[in-house]
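Each chain is listed here by its residues.
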Amino acid sequence: MYRLSIFVLQFLILIIALTFIFTNPFIISLDIGNLKYSFSSNLLSVFFISFIFLLYLVFYLFFRSRLSLGKYFLKNKYNKIEKGYLHFVDAMIAVANKDNKTALKSHKKMVSYLKDDPSLSLLLKAEVLKIEKKFPELNNIYEDMIKSKKTETLGYRGLMEQNLRNQDYHHAFLYGEKLFSINPNIEKLYDTLIFIAAKTKNWNQIVLLSDKAFSHKIISKNDLNENKSVGFYEIAKIKYDSDIKDSLKNILKALDLKKNFPPYVKLHLEIIAGLNDKRNLKKLIKKYWSLNPNSLLRSIIIKILNDNDLTKIKFINEIINNNASEDESKKLLIYFAIKNSNWDVARKNISGMIGVNPSKEICYFMSDIELGENNDKQKSDAWIMRAENASIEDTWICRISNQTQDEWSALSNSGNYNSLVWTTHKMLRQNNN
């Protein structure tokens, strides 16, 4: 309404001005050289109005035609883009069907329509070269990809995977780390980098990457603690021979993140033993056994006690003081009772553990007791034969490859990161049954 009012007002002013000019004409004279020209002011007004109208008409037709041409070119451009994308789709379908001939044909057509956007062309070339297994040429495509913001993540990922395929873990990690800095949320990127870091024994990077991943909410608090503890444990192992005090600091960090984990406990006790701190060693053995007595910890403590001449029955009783009635404590006592030829203590503690189907370990204990106490080789051999059919003991098993191994390690013997679990081997269990 406001605009209409302004327009009407301006139109009225123009009409009044023109009416005044045409109703009050006057003569205009011009002297040009020796000639004198005279004409009415109305003629000048008509000329001026005609010029303004003509100028308006020219501008109107110019902009109208320009907009029409722009619309035409824009429509033509979008038609080309649409055709280019259709050929791209055809090419990708051909790639999926491993029809390289059709893929290349569609790729050429696509390029002719999408000259200004090389990113799709690079992507398509990469897929074709993957199928054809032309890896040197594929590397060149990935190198071209990282030069553009649109395709740099695809380029870095491709180069990382290429180097992983070639088992060049150093360069794979460099490209993966760059990719992580650009987009840490790429699926399985963190897990891949952790695996590469473990392969190259770059344990500090596991700690740093885990902190970054947690800050981006890629991993949970439990995963953060798990992976950082592995990093600190492996650093402690490396430092053991060169800087045992620094080794102690790192294993304490690992234990703080994953409390009472037997492999960490083992290294902690070995470090304390290496420092010749027997008083603290005894204290820690009692503490760890009191917190979590189990078969794995028992095998660790047995080795530590044997290596440090702490095998007297009196000290063993001190260790199991808080849980002497538990089976694992009894087994620990039986082992050292046999070692010290204390047959009364050995028989007293094993008597309630034999049962109908004694474990392999109990059978071996009975074999040692019969041979050591009574020198009865026949009974001893009978227990050994019985052990062959006894239940299977727990061991470290890779949950991915199902392979067993004696010692825990961050990277299993089959090459999988943090995949070992302490359990009974399923295949052995089935064979036993």
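Rules used throughout
Residues numbered from 1 in each chain as written. Predicted model: local features only at pLDDT ≥ 70, side-chain atom pairs only at ≥ 80, totals over all residues. Heavy atoms only, no water. Phe/Tyr/Trp six-rings, centres within 6.5 Å; stacked < 30°, edge-to-face > 60°. Helix = DSSP H or I, 4+ residues; strand = E, 2+ residues; numbered from the N terminus. Buried < 20%, exposed > 50% of the residue type's maximum accessible area, 1.4 Å probe, protein only. Core = buried A, V, L, I, M, F, W, Y, C linked by side-chain atoms within 4.5 Å. Contact = heavy atoms within 4.5 Å. Salt bridge = Lys/Arg side-chain N within 4 Å of Asp/Glu carboxyl O. Pairing = 2+ DSSP bridges. Axes fitted to C-alpha atoms, helices over the stretch in contact; angles between N-to-C directions. Parallel < 35°, antiparallel > 145°, perpendicular 65-115°, else oblique. Left-handed = near helix turned anticlockwise from the far one by under 90°. Nonpolar A, V, L, I, M, F, W, Y, C, P; charged D, E, K, R; others polar.

> Mind showing me how you'd approach the packing of aromatic side chains here?
Both the distance between ring centres and the angle between the ring planes are used here to describe each pair of aromatic rings. Under the counting rule described, the total for this entry stands at 10 aromatic pairs. Residues Tyr 156 and Tyr 175 carry aromatic rings whose centres are separated by 6.4 Å and whose planes lie at 40° to one another, so their mutual orientation is tilted. Pair noted here: Tyr 156 is in helix α6 (residues 152-165) and Tyr 175 is in helix α7 (residues 169-182), with a separation of 19 residues, a long-range link. Assigned by exposure class, Tyr 156 and Tyr 175 land together as buried.

> Help me out: how do you make sense of the nonpolar core in this one?
General note: in soluble globular proteins, nonpolar side chains tend to be found buried as a group. Within the largest apolar cluster, 91 residues are counted, with the highest numbers of intra-cluster contacts made by Ile 251, Tyr 264, Leu 269, Leu 305, Ile 319 and Trp 408. Apart from residues no more than four positions distant in its own chain, Ile 251 is found in contact with Tyr 233, Ala 236, Tyr 264, Leu 267, His 268 and Ile 271.

> Would you explain the pattern of salt bridges in this entry?
Under the defined criterion, the tally for this structure stands at 18 salt bridges. Residue Glu 152 is joined to Lys 149 by a salt bridge in which the shortest nitrogen-to-oxygen separation is 3.8 Å. Owing to a relative accessible area of 12%, Glu 152 belongs among the buried residues under this scheme. Here Glu 234 ties to Lys 237 by a salt bridge, and the two come within 3.8 Å at their closest N and O atoms. In this pair, Glu 234 and Lys 237 both sit in helix α10 (residues 221-239), three residues apart, roughly one turn of the helix. When salt bridges that share partners are traced, they join Arg 298, Glu 328, Lys 331 and Glu 361 into one network.

> Please explain the sheet that holds strand β3 (residues 395-398) as it appears in this structure.
Neighbouring strands of a sheet are bound in pairs by backbone hydrogen bonds; such pairs are parallel or else antiparallel. The three strands are arranged β4-β3-β5 in an open sheet whose pairing can be described as antiparallel. A strand with exactly one partner marks an edge of an open sheet, and here the two such strands are β4 (404-405) and β5 (420-423). Sheet topology note: the β3/β4 ladder contains two bridges and is antiparallel. Across the sheet, Ile 397 pairs through a bridge with Thr 404, a residue of β4.

> Looking at this model, I keep getting lost on the side chain of Glu 328. Mind explaining?
Mapped onto the elements of the fold, Glu 328 is located in helix α16 (residues 327-339). What makes Glu 328 buried here is its relative accessible area of 16%.

> Would you explain the packing of helix α9 (residues 203-215) against α10 in this entry?
When two helices pack together, their arrangement is given by the angle between the helix axes and the distance between those axes. Contact geometry of α9 with α10 gives a least axis separation of 8 Å together with a crossing angle of 165°. In this view, α9 runs roughly antiparallel relative to α10, as classed from their interaxial angle. In the packing of α9 onto α10, the handedness of the crossing is left-handed. Of the residues in α10, those in contact with Trp 203, Asn 204, Ile 206, Val 207, Ser 210, Asp 211 and Phe 214 of α9 are Lys 221, Leu 224, Asn 227, Lys 228, Val 230, Gly 231, Phe 232, Glu 234, Ile 235 and Ile 238. Classifying every residue of the contact of α9 with α10 gives nine nonpolar, four polar and four charged.

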